Amino acid sequence: MAAELPADRTLHCSSRSTGRILLTGCGGQVGEALIRTLAALGEVVAPGREELDLRDASSIRKTMREVRPRWVVNAAAHTAVDRAESEPELAFAINATAPEILAEEAKSMGAVVIHYSTDYVFDGAKESPYVESDATGPLNVYGSSKLAGEMALSASGAAHLIFRTSWVYGATGKNFVRSILRLARERDHLKIVADQQGAPTWSFELARMTADIIGQIEQRAVRADCSLSEAAVPVSGVYHASGAGETTWFGIAEQTIDEMRKLEPGSRLATVEAISTAEYPTPAKRPLNSRLDCSKLDEAFGWRMPEWRDSLAVVVHELAG
């Protein structure tokens, strides 16, 4: 089943082309979704790793100066959380230094940068959902590198939007939902962590939100008869953008398998057992609370993510097809 727009949601489109959009990380699950959602807004330039090496400052500057984008959508990231513990230099190069250089170049040409960050910038000690102004305190290298990228972008002076999201999944790429479906067919029983709270976020919905917000800001520039960066500056900053509702990794696994059972009655799928984080040690420490309060996103752009169970059902259906 292909992902479709809900009947009550129409993306904002500007009365003029957005010009070129430089998209990094086009091979990732968010990047693949962005190629689809950004296409209606303007020319999308999506170089692969062989064309744009985010570990190389000269490669980044060369690409930016050749493309001269109006928008930079940075979906590239080092997302291997556990592996980042053993390769921090690479994680910081891609997650922190690259966004800083993109922002420097964007500022010089009046482009706006959209960047994706993570719930892992927090330590998880808070008992309620995190708001954008809460103190950060990453527990692992991945979170630290993403926070450094946020700080570099914020300090660059470039117009920008940083979307902190959580537990991203989709029908493509390496993610928890696809892994659970595979393991549920291969094994009789799965043990899944149940004391880390958060919300899964559908990559396509994140990409759809991005396109809509670009359209909104373009419309503001048209109405105010001002430059793009001038229209974007009032809304520049950090926004939380994750699926609505909350659950645990165990909850996602259980719901995923339940959805598959609906589609394949009588199929033999694994049972799921809840365990604690202590029972499943990993190289990188994870926050126990990854819940994000997304009310600022709604107030600024009128955007609310769908309830996570609804999005998950669409993705499982697509994977089953």
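Every chain begins its residue count from 1, and numbering advances along the sequence as written. This being a predicted model, a pLDDT of at least 70 is required before a residue's local features are given, and a value of 80 or more before pairs of side-chain atoms are given or counted; all residues contribute to the totals for chains, interfaces and linings. Where side-chain values are given, they derive from all heavy atoms of the structure, hydrogens and water being excluded.

**Structural notes on the overall build of the chain**
Next up, step 1: A tally of helices and strands in the chain yields 11 helices and 12 strands.
Next up, step 2: Here the radius of gyration uses the C-alpha set of atoms, whereas the globule reference equals 2.2 Å times the residue count to the power 0.38. For 321 residues, the compact-globule estimate of 2.2 N^0.38 gives 20 Å, and the C-alpha radius of gyration of the chain, at 19 Å, lies within 12% of that figure.
Next up, step 3: Structurally, the chain occupies a C-alpha span of about 60 × 45 × 40 Å along its principal axes.
Next up, step 4: Residues classed as buried in the chain amount to 51% of the 321 residues present.
Next up, step 5: We call two residues in contact when some of their heavy atoms are within 4.5 Å. Put simply, of all contacts in the chain between residues at least 6 apart along the chain, 82% involve residues at least 24 apart.
Next up, step 6: Working note: accessible area of the chain is about 14000 Å², and carbon and sulfur atoms make up 50% of it.
Next up, step 7: His is not counted here, nor are the chain ends, while Lys and Arg score as positive and Asp and Glu score as negative. A charge is said to be at NZ when it belongs to Lys, at CZ for Arg, at CG for Asp and at CD for Glu. Charged side chains of the chain number 34 positive and 43 negative; the gap between the two group centres comes to 2 Å. Strands are runs of DSSP state E lasting at least two residues, helices are runs of H or I lasting at least four, and both sets are numbered from the N terminus onward. Here the term buried applies to any residue with accessible area under 20% of the maximum for its type, exposed to any over 50%, and partly exposed to those in between, with areas from a 1.4 Å probe on protein chains only. A 1.4 Å probe and the Shrake-Rupley method give the accessible areas. Residues count as covered only by the protein chains that appear here.

**Looking at the packing of aromatic side chains**
Next up, step 1: Paired rings are identified among Phe, Tyr and Trp, the last through its six-membered ring, by centres lying within 6.5 Å, and are further divided according to the angle between planes into stacked (under 30 degrees), edge-to-face (over 60) and tilted (the rest). Applying the stated criterion to the full structure yields eight aromatic pairs.
Next up, step 2: Between Trp-167 and Trp-249 the ring centres are 4.0 Å apart and the planes differ by 25 degrees, which places this aromatic pair in the stacked class. Pair noted here: Trp-167 is in the loop between strand S5 (160–165) and strand S6 (168–169) and Trp-249 is in helix H9 (residues 249–263), with a separation of 82 residues, a long-range link.
Next up, step 3: Among the aromatic residues, those joined into a cluster by ring pairs are Tyr-116, Phe-163, Tyr-239 and Phe-301.
Next up, step 4: Between the NZ or CZ atom of Lys-296 and the centre of the ring of Tyr-239, over which it lies, the distance is 4.6 Å. By the criterion adopted, a ring carries a charge over it if an Arg CZ or a Lys NZ lies within 6 Å of its centre and within 35 degrees of its normal.

**So, helix H4 (residues 88–109)**
Along an α-helix, residues three or four positions apart point the same way, because every turn accommodates 3.6 residues.
Next up, step 1: With 22 residues, H4 extends 31 Å from end C-alpha to end C-alpha; this agrees with the ideal 32 Å at 1.5 Å per step.
Next up, step 2: Of all the bends in H4, the greatest reaches close to 30 degrees and is centred on Thr-97; the proline Pro-99 follows between one and four positions later. The span you would expect from a helix comes to 1.5 Å times its residue count less one. One axis is fitted to the seven residues ending at the residue and one to the seven starting there. The bend at that residue is the angle between these axes.

**Some words on the sheet that holds strand S10 (residues 237–240)**
Next up, step 1: Between any two strands, pairing holds if DSSP finds at least two bridges. Strand order in the open sheet formed by six strands is S2-S1-S3-S4-S5-S10, and the pairing between neighbours is parallel. The open sheet terminates on both sides in strands that have one partner only, identified here as strand S2 (43–45) and S10. Each strand of the sheet is rotated relative to its neighbour by a mean of 20 degrees, with strand direction disregarded.
Next up, step 2: The sheet contact formed by strand S4 (residues 112–118) and S5 spans six bridges and is parallel. Its bridge partner lying in S5, Tyr-116 is registered against Phe-163.
Next up, step 3: Axes here refer to lines fitted to C-alpha atoms; in helices the fit is confined to the stretch in contact. Angles between the N-to-C directions go from 0 to 180 degrees. The sheet contacts of H4 involve strand S1 (20–24), strand S3 (71–74) and S4, and relative to S4 the element is tilted by about 165 degrees.
Next up, step 4: Contacting S3, S4 and S5, helix H7 (residues 203–224) crosses the sheet at an angle of about 155 degrees to S5.

**Focus on the pairing of S3**
Next up, step 1: The two faces of S3 match: Trp-71 and Val-73 on one face and Val-72 and Asn-74 on the other face are all buried.
Next up, step 2: As paired elements, S1 and S3 share four bridges and run parallel to each other. Across the sheet, residue Leu-22 finds its bridge partner in S3, namely Val-72.

**A short note on the packing of helix H6 (residues 176–186) against helix H11 (residues 308–320)**
Next up, step 1: Close contact between H6 and H11 brings their axes to 11 Å; oriented N to C, the two are set at 50 degrees. Compared by their axis directions, H6 and H11 come out oblique. You can see that H6 and H11 cross each other, and the crossing is right-handed. Here H6 contributes Val-177, Arg-178 and Leu-181 to the contact with H11, which in turn contributes Leu-312, Val-316 and Leu-319.
Next up, step 2: As a working rule, the residues Ala, Val, Leu, Ile, Met, Phe, Trp, Tyr, Cys and Pro are called nonpolar, Asp, Glu, Lys and Arg charged, and the rest polar, with Gly in that last group. A per-class count over the contact of H6 with H11 returns five nonpolar, no polar and one charged. Orientation categories follow fixed angle ranges, with anything under 35 degrees roughly parallel, anything over 145 roughly antiparallel, 65 to 115 roughly perpendicular, and all other angles oblique. Less than a right angle of anticlockwise turn of the near helix away from the far helix marks a crossing as left-handed, whereas a clockwise turn marks it as right-handed.

**Some details on the packing of H6 against H9**
Next up, step 1: Contact geometry of H6 with H9 gives a least axis separation of 10 Å together with a crossing angle of 60 degrees. With respect to their mutual orientation, H6 and H9 come out oblique. With respect to the hand of their crossing, H6 and H9 are arranged in right-handed fashion. Packed against H6, whose contacting residues are Phe-176, Val-177, Ile-180, Leu-181, Ala-184 and Arg-185, the element H9 presents Trp-249, Ile-252, Ala-253, Thr-256, Ile-257 and Met-260 at the interface.
Next up, step 2: Class assignment of the residues belonging to the contact of H6 with H9 gives a composition of 10 nonpolar, one polar and one charged.

**Overview of unusual backbone geometry**
Next up, step 1: Residue Arg-68 is not a glycine yet carries a positive backbone phi of 45 degrees.
Next up, step 2: Inspection of the secondary structure puts Arg-68 in the loop between helix H2 (57–67) and S3.
Next up, step 3: One non-glycine residue, Trp-167, adopts positive backbone phi at about 50 degrees.
Next up, step 4: According to the relative accessible area criterion, Trp-167 is buried, its value standing at 9%.

**A closer look at the nonpolar core**
Next up, step 1: Counting residues in each nonpolar core, the largest one holds 65 residues, and the members touching the most others are Leu-161, Phe-163 and Ile-217.
Next up, step 2: With nine residues, the top contributor of residues to this core is H7.
Next up, step 3: Residues in contact with Leu-161, not counting those within four places in the same chain, are Trp-71, Val-112, Val-113, Ile-114, His-115, Ile-213, Ile-217, Val-235, Gly-237, Tyr-239 and Phe-301.
Next up, step 4: Within this scheme, the nonpolar core is defined by two criteria: the residues are buried Ala, Val, Leu, Ile, Met, Phe, Trp, Tyr or Cys, and they are joined through side-chain atoms within 4.5 Å. Of all hydrophobic cores here, the second largest spans 20 residues; its members include Ile-60, Ile-101, Ala-106 and Met-109.

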